[in-house]
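Given next are the chains, with one letter for each unit.
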There are 2 protein chains.
Amino acid sequence: MEFSEWYSEILEKAKIYDVRYPVKGCGCYLPYGFKIREKVLEVIRKKLNEKGHEECLFPMLVPETFLMKEAEHIKGFEDEVFWVTHGGKEELGEKLALRPTSETVIYPIMREHIKSHGDLPIKIYQIVNCFRYETKHTRPLIRVREIMTFKEAHTFHASKEECLDQVKEAVEIYKEIFDELEIPYLICRRPEWDKFPGGEFTIAFDTILPSGKALQIGTVHNLGQNFAKTFDIKFETKEGKQDYVYQSCYGISDRVIASVLAIHGDENGLVLPSNVAPIQIVIIPLIFKNTKDKVLTKSNEIRIELEKHGYRVKLDSREDIRPGKKYYEYEYIGVPIRIEIGPKDLEEEKVVVFRRDTKEKVKVSLNDLIKELNKIIKEYDQNLKNRAKEKFESMIVVVNSIEEIKNIDGKVILIPFDKKIYNEELEEKTGLKVLGKTKYKDQKYIALAKTY
Amino acid sequence: MEFSEWYSEILEKAKIYDVRYPVKGCGCYLPYGFKIREKVLEVIRKKLNEKGHEECLFPMLVPETFLMKEAEHIKGFEDEVFWVTHGGKEELGEKLALRPTSETVIYPIMREHIKSHGDLPIKIYQIVNCFRYETKHTRPLIRVREIMTFKEAHTFHASKEECLDQVKEAVEIYKEIFDELEIPYLICRRPEWDKFPGGEFTIAFDTILPSGKALQIGTVHNLGQNFAKTFDIKFETKEGKQDYVYQSCYGISDRVIASVLAIHGDENGLVLPSNVAPIQIVIIPLIFKNTKDKVLTKSNEIRIELEKHGYRVKLDSREDIRPGKKYYEYEYIGVPIRIEIGPKDLEEEKVVVFRRDTKEKVKVSLNDLIKELNKIIKEYDQNLKNRAKEKFESMIVVVNSIEEIKNIDGKVILIPFDKKIYNEELEEKTGLKVLGKTKYKDQKYIALAKTY
């Protein structure tokens, strides 16, 4: 099955994201999708909080004059902004933009909170909806008009060095986040012509979806003093002088959720990393007339025991649905582990444990169940990571000249870094997008790919 | 100090909500405010999830034709809707409203998920930002143009009875939520002329702020089949017939956060219920040259011990700030408990425990610390609840005739229920808003008040 067909089917049939809303590029997280999103956000929040970031919430409506203040910035966004022009039946005095991103919202406010070097550094973030009037083909969670999940961090520093260190910290945080989600990535320094509008440079994380196309899943921007000058954010230095603050910002969107779904899935449906799976273990009792009570009692005991050990467990004891159908359903929605409990196994004090990734079944003694599950889930996550890495590597091709590229399709291409060819024309020549400068197996390359 | 002045000062100085954003009715949750909000939302989510509600996320933009579909509904909102008319430089084919609430967004989608009685009931909710073009005087978190926190639940049922039971369940859930937040309330059945536009009847929760004005903090609406008919949401009944679903919806907004702040606070600042306090216990070491290490080591041990018992603790060992200033700061931001640790106390194996509500200090032996803290915090919460209830009762006046109302100011007024006077003219006659029919100490009344 083509990836894009697989992807659409998964979103619908696993009840993750409903695309039937009649506004282009706007969809709905259904309960199961929402739970996956929550788990992904838990990983992101934890990493940011550990490094001293504080969560906030800023307004969504941006006055036209604010958005227009930073010349480079607005050039990057003016064609993609939704405009509110009316309130009730009245025309507004000033047009309001739906935030495409929040630099121009947050910085005028933070200006009021920054007086002296003692107030710095400040590291904040918010997780909000934001809006882009995409004219290209939209794709659920990947290219949308309402980005329902936009985690944007913004930092403020007293020196250039501290700000550059923050950029490094952000890259490290993102590595940890994507590693925990078992998503492989290239780290690319975006070319000048594709950096964040108004920023100094952009470091991006790109993964590769099964289609062979690259997907940008995170970006880290060094803003230098550009926005500080535009929004007049000054502070008193240790030496008693006035200086503009140094800033960085970094974002992750719904695309990280799309990647988790797309990268680990297989022909039988979703395969979810255990930390993201809303249900980590499903228990299916095999119900027969004479042994029903015994099997159900034991199933319930096991559920309680697993929950005590911190697992998210579901016991499915519906009697009108046969086990085979249940197996299929929970495999499809990516539940990592299934425990089957039948009367015969119980006589032996054993259960059957099935893992979603390899589809292997093993018999496990009830006495060792927790110990074995801990081990299996560890292996399961490691295997997901390895498999994803393998697939990822198989979709990367190293070439030595531009000519070689022509015969390659559906891959991300690395060509040894060469200043002479590193310019915007390279995109025209190859018909590919230049992702930027990257390091791969300790060598420096230019990365090129078809992108989403 | 006037309440409205106190309230503005608290939002600013406790760094809860920044009002300096230049779009009327739009503000910013700062980190401390955001944490309070998170804790309040935890209470709300827990209660809804326990009763089988599932969280989702639906789009923000509403096509004009959808919003206009339900005639009563749009009449209630058409003067308060923000309209998006342009994307980039293009005019949109159809105007899009910023959701004022999400009935017209959610119902067309849920229609696709409801085929038969077996799909019912469905109980979902989302927590989102929504927008009202308020022309009245705005007030932070109370009357705003961007409602940053709108929890809206929507339920779908196969029968009228089940739907009415759901309304009852919702009222019970809201009671539990407000009880946990230690917010007293009247439960009023709103009059016909003030029910939810498009609904059958509305049950509202009203609290009273220290100004004596009533504040609506939660509403539960029985929608009957009105919206189902408008959006053609049908299902196959057990008997194989087609019927429209029965619906209810219920909402809570930022106002619940405003109430928590306003109701418990005193002349020294915030007083937060322990379940909502971002910091539950602050430890202040009294640092002197010779005993510094010993005191800091012990302080840290105590912090670890308290965290082990699930408390949110902060140890403030800054040396450049004297304890008195720290006391003032943490009292101001509403930290329930302060532990002071000095060298003399330590010799006695004791610490001083201060509670924010009564401002009492007691010496507690280190051996009994956890046990005593558990007890003190329990008393603290009970005291907050009692105090709030007392204040609440003191702002309610029962009268026997409309004439008596004229001499009363700054109170919520209850007048025995009488069909003959229960009409919209009552508002004109009294200059007050009719909150509706209510029960107070087992008697039936009409409740009247100035409102926010």
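In the block above lies the structure referred to throughout.
This text gives an overview of the structure that appears in the document. None of these values were measured; they are calculated from a predicted model.

With respect to the overall build of chain A
Item 1. The secondary structure content of chain A amounts to 14 helices and 23 strands.
Item 2. In terms of overall size, chain A behaves like a compact globule, its C-alpha atoms giving a radius of gyration of 25 Å where 452 residues would be expected to give roughly 22 Å.
Item 3. Projected onto the principal axes, the alpha-carbon positions of chain A cover approximately 80 × 55 × 50 Å.
Item 4. Relative to its 452 residues, chain A shows a buried fraction of 58%.
Item 5. A fraction of 67% describes how many contacts in chain A between residues 6 or more apart in sequence connect residues 24 or more apart.
Item 6. For chain A, the accessible surface area stands at approximately 19,300 Å², while carbon and sulfur atoms represent 46% of it.

Remarks on the interface of chain A and chain B
For interface size, the figure often reported is the accessible area lost on association.
Item 1. Taken together, the contact between chain A and chain B spans 52 residues of the former and 52 residues of the latter.
Item 2. Summing the contributions of chain A and of chain B, the shared interface buries around 4,600 Å²; its carbon and sulfur component is 66%.
Item 3. In this structure, the connection of chain A to chain B is made through 6 salt bridges.
Item 4. Where chain A meets chain B, there are 22 residue pairs in polar contact (both at pLDDT 80 or more).
Item 5. With 6 residues, strand β5 (residues 82-87) of chain A is the largest single contributor of residues to the side of chain A that touches chain B.
Item 6. Taken together, the residues that form the side of chain A that touches chain B break down as 30 nonpolar, 8 polar and 14 charged.
Item 7. Pairing of β5 of chain A with strand β5 (residues 82-87) of chain B, which is carried by 5 bridges, proceeds in the antiparallel orientation. Bridged to His86 of chain A within β5 of chain B is Trp83 of chain B.

Section: the relation of the copies chain A and chain B
Item 1. The two copies are related by a screw operation: chain A maps onto chain B through 180 degrees of rotation and 0.0 Å of translation along the axis, at an RMSD of 0.0 Å. Overall, the copies show the geometry of a two-fold rotation axis. The position closest to the rotation axis in chain A is occupied by the C-alpha of Val84 of chain A, lying 2.1 Å away.
Item 2. Both copies present the same face, since 100% of the interface residues in chain A are matched by interface residues at the equivalent positions in chain B.

A closer look at the state of the cysteines
Item 1. Across all of its chains, the model carries 0 disulfides over all chains by this definition.
Item 2. Distance from the sulfur of Cys249 of chain A, which forms no disulfide, to the nearest cysteine sulfur (Cys163 of chain A) is 9.6 Å.
Item 3. Considering cysteine sulfurs only, Cys28 of chain A is the nearest to Cys56 of chain B, which forms no disulfide, with 8.6 Å between them.
Item 4. Under the relative-accessibility criterion, Cys56 of chain B is labelled buried at 1%.

Brief notes about the nonpolar core
Item 1. Ranked by internal contacts, the top residues of the largest apolar core, which has 84 residues, are Leu61, Leu98 and Phe156 of chain A together with Leu61, Leu98 and Phe156 of chain B.
Item 2. Leaving out residues up to four positions away in the same chain, Leu61 of chain B has contacts with Tyr21, Val23, Cys26, Phe82, Leu98 and Phe131 of chain A together with Val84, Leu96, Ala97 and Leu98 of chain B.

Remarks on the side chain of Lys39 of chain B
Item 1. Relative to the helices and strands, Lys39 of chain B is located in helix α2 (residues 31-50).
Item 2. Beyond its immediate chain neighbours, meaning those up to four positions away, Lys39 of chain B contacts Asn275, Val276 and Arg312 of chain B.

A closer look at helix α10 (residues 323-332) of chain B
Note on helix geometry: an α-helix contains 3.6 residues per turn, so any two residues three or four positions apart are oriented the same way.
Residue and element names in this part refer to chain B.
Item 1. For α10, the full list of buried residues reads Lys326, Tyr327, Tyr330, Glu331 and Tyr332.
Item 2. On the buried face of α10, the contacting elements are α1 (3-13), β15 (281-285), β16 (313-315), β17 (337-341) and β18 (350-355).
Item 3. Of the residues one or two after α10, Gly334 is the one with positive phi, at around 80 degrees.

A closer look at the packing of α2 of chain B against helix α8 (residues 255-264) of chain B
Residue and element names in this part refer to chain B.
Item 1. Put simply, α2 and α8 touch, their axes get as near as 10 Å, and they point 115 degrees apart. With respect to each other, α2 and α8 are oriented roughly perpendicular. Considering how the two elements wind past one another, α2 and α8 form a crossing that is right-handed. Listed contacts from α8 to Ile36, Arg37, Val40 and Ile44 of α2 are Val256, Ile257, Val260 and Leu261.
Item 2. In terms of residue class, the contact of α2 with α8 is made up of 7 nonpolar, no polar and 1 charged.

Observations concerning the environment of Thr149 of chain B
Residue and element names in this part refer to chain B.
Item 1. As for its placement among the helices and strands, Thr149 is situated in strand β8 (residues 146-157).
Item 2. In the structure, Thr149 is positioned 222 residues away from Lys371 in sequence and 37 Å away in space, judged by C-alpha atoms.
Item 3. The residues touching Thr149, leaving out its near neighbours within four places in the chain, are Tyr29, Arg37, Leu41, Ile127, Val128, Ile252, Ser253, Asp254 and Ile257.
Item 4. Among the polar contacts made by the side chain of Thr149, one reaches the side chain of Asp254 at a distance of 2.5 Å.

Some details on a positive patch on the surface
Residues and elements named next belong to chain A.
Item 1. Side chains of Arg189, Lys419, Lys437, Lys439 and Lys444 sit close together on the surface and give a patch of like positive charge.
Item 2. Relative to the elements of secondary structure, Lys444 occurs in strand β23 (residues 443-449).
Item 3. What makes Lys444 exposed here is its relative accessible area of 56%.

Structural notes on the sheet that holds strand β6 (residues 90-98) of chain A
Item 1. Strand order in this open sheet of 6 strands is β4(A)-β6(A)-β5(A)-β5(B)-β6(B)-β4(B), and the pairing throughout is antiparallel. Strands with a single pairing partner mark the edges of an open sheet, and in this sheet they are β4 (61-63) of chain A together with β4 (61-63) of chain B. Across the sheet, the mean angle separating the axes of adjacent strands is 45 degrees when strand polarity is ignored.

Details of helix α6 (residues 160-180) of chain B
Residue and element names in this part refer to chain B.
Item 1. When the terminal C-alpha atoms of α6 are compared, their 30 Å separation across 21 residues agrees well with the 30 Å that a helix rising 1.5 Å per residue should span.
Item 2. Those residues of α6 lying buried are Cys163, Gln166, Val167, Ala170, Val171, Ile173, Tyr174, Ile177 and Phe178. For α6, the arc enclosing every buried residue in end-on projection is 165 degrees, short of the 170-degree limit, so these residues lie on one face. Residues of α6 that are exposed and point over 90 degrees away from its buried face: Glu161 and Lys168.
Item 3. Following α6 by one or two positions, Glu182 has its phi on the positive side, about 60 degrees.

A closer look at the pattern of salt bridges
All names here are of chain A.
Item 1. A complete count under the given rule lists 90 salt bridges over all chains for this structure.
Item 2. With a shortest N-O distance of 3.3 Å, Glu329 and Arg318 are connected by a salt bridge. In this pair, Glu329 sits in helix α10 (residues 323-332) while Arg318 sits in the loop between β16 (313-315) and α10, placing the two residues 11 residues apart along the sequence.

Considerations on the sheet that holds strand β10 (residues 201-208) of chain B
Backbone-to-backbone hydrogen bonds pair the strands of a sheet. The strands run either parallel or antiparallel.
All names here are of chain B.
Item 1. Spatially, the 11 strands line up as an open sheet ordered β3-β7-β8-β14-β11-β10-β9-β22-β23-β21-β20, and their pairing is mixed. Unpaired on one side and paired on the other, β3 (54-55) and β20 (396-398) mark the two borders of the sheet.
Item 2. Inspection of the sheet shows strand β22 (residues 433-440) paired to strand β23 (residues 443-449) by 7 bridges, in the antiparallel sense. If you follow Lys439 over to β23, its bridge partner there is Lys444.
Item 3. Against the sheet, α8 touches β8, β10, β11 (214-224) and β14 (246-253), its axis set at about 150 degrees to β11.

Parameters at a glance
- Within each chain, residues carry numbers counting from 1 in the order of the written sequence.
- Going through the entries in the order they are written, you letter the chains from A and number the ligands from 1.
- Given that the model is predicted, a residue must reach a pLDDT of at least 70 before its local features are reported, and side-chain atom pairs must reach 80 or more before they are shown or counted; all residues, however, enter totals for whole chains, interfaces and linings.
- Values shown for side chains rest on all heavy atoms present in the structure; no hydrogens or waters enter the calculation.
- Under the scheme used here, helices are H or I runs from DSSP no shorter than 4 residues and strands are E runs no shorter than 2 residues, and both carry numbers assigned from the N terminus.
- Here the globule rule reads 2.2 Å times residues to the power 0.38, and the radius of gyration is calculated from C-alpha atoms.
- We call a residue buried when its accessible area falls under 20% of the maximum for its residue type, exposed when it is over 50%, and partly exposed in between, using a 1.4 Å probe and counting protein chains only.
- The criterion used for residue contact is that any of the two residues' heavy atoms lie within 4.5 Å.
- Surface accessibility in these figures is a Shrake-Rupley result with a 1.4 Å probe; residues are shielded only by whichever protein chains are displayed.
- As used here, buried area is the combined drop in accessible area, with a 1.4 Å probe, of two parts when they are placed together.
- For this analysis, a salt bridge means a side-chain nitrogen from Lys or Arg found within 4 Å of a carboxyl oxygen belonging to Asp or Glu.
- For this analysis, a polar contact is any N or O atom pair within 3.5 Å, provided that within protein one partner can donate a hydrogen and the other can accept it, and provided that sequence-adjacent residues contribute only side-chain to side-chain pairs.
- Think of it as three bins: nonpolar holds Ala, Val, Leu, Ile, Met, Phe, Trp, Tyr, Cys and Pro, charged holds Asp, Glu, Lys and Arg, and polar takes everything else, Gly as well.
- Here, a strand pair is defined by DSSP locating no fewer than two bridges between the strands.
- Least squares is the method for superposing the copies, and the C-alpha atoms it fits come from residues with pLDDT of at least 70 in both.
- Note on terminology: disulfide denotes any pair of cysteine sulfur atoms within 2.5 Å.
- What makes a nonpolar core is a set of buried Ala, Val, Leu, Ile, Met, Phe, Trp, Tyr and Cys residues whose side-chain atoms join them at distances within 4.5 Å.
- Fitting a line to C-alpha atoms yields each axis, with helices limited to the stretch in contact; the angle taken between N-to-C directions then spans 0 to 180 degrees.
- The scheme is simple: roughly parallel for angles under 35 degrees, roughly antiparallel for over 145, roughly perpendicular for 65 to 115, oblique for anything else.
- Crossing handedness is read from the near helix: turned anticlockwise from the far helix by less than a right angle, it gives a left-handed crossing, and turned clockwise, a right-handed one.
- Without a salt bridge and with relative accessible area above 30%, a residue can belong to a patch; like charges are then joined within 9 Å and nonpolar side chains (Val, Leu, Ile, Met, Phe, Trp, Tyr) within 5 Å.
- Counting rule applied: Lys, Arg positive; Asp, Glu negative; His and chain ends not counted.
- Charged groups are reduced to one reference atom each: NZ for lysine, CZ for arginine, CG for aspartic acid, CD for glutamic acid.
- By this rule the span expected of a helix is its residue count minus one, scaled by 1.5 Å.
- The directions from the helix axis to the C-beta atoms are what the arc is built from.

Read these as spatial facts, not as claims about activity.
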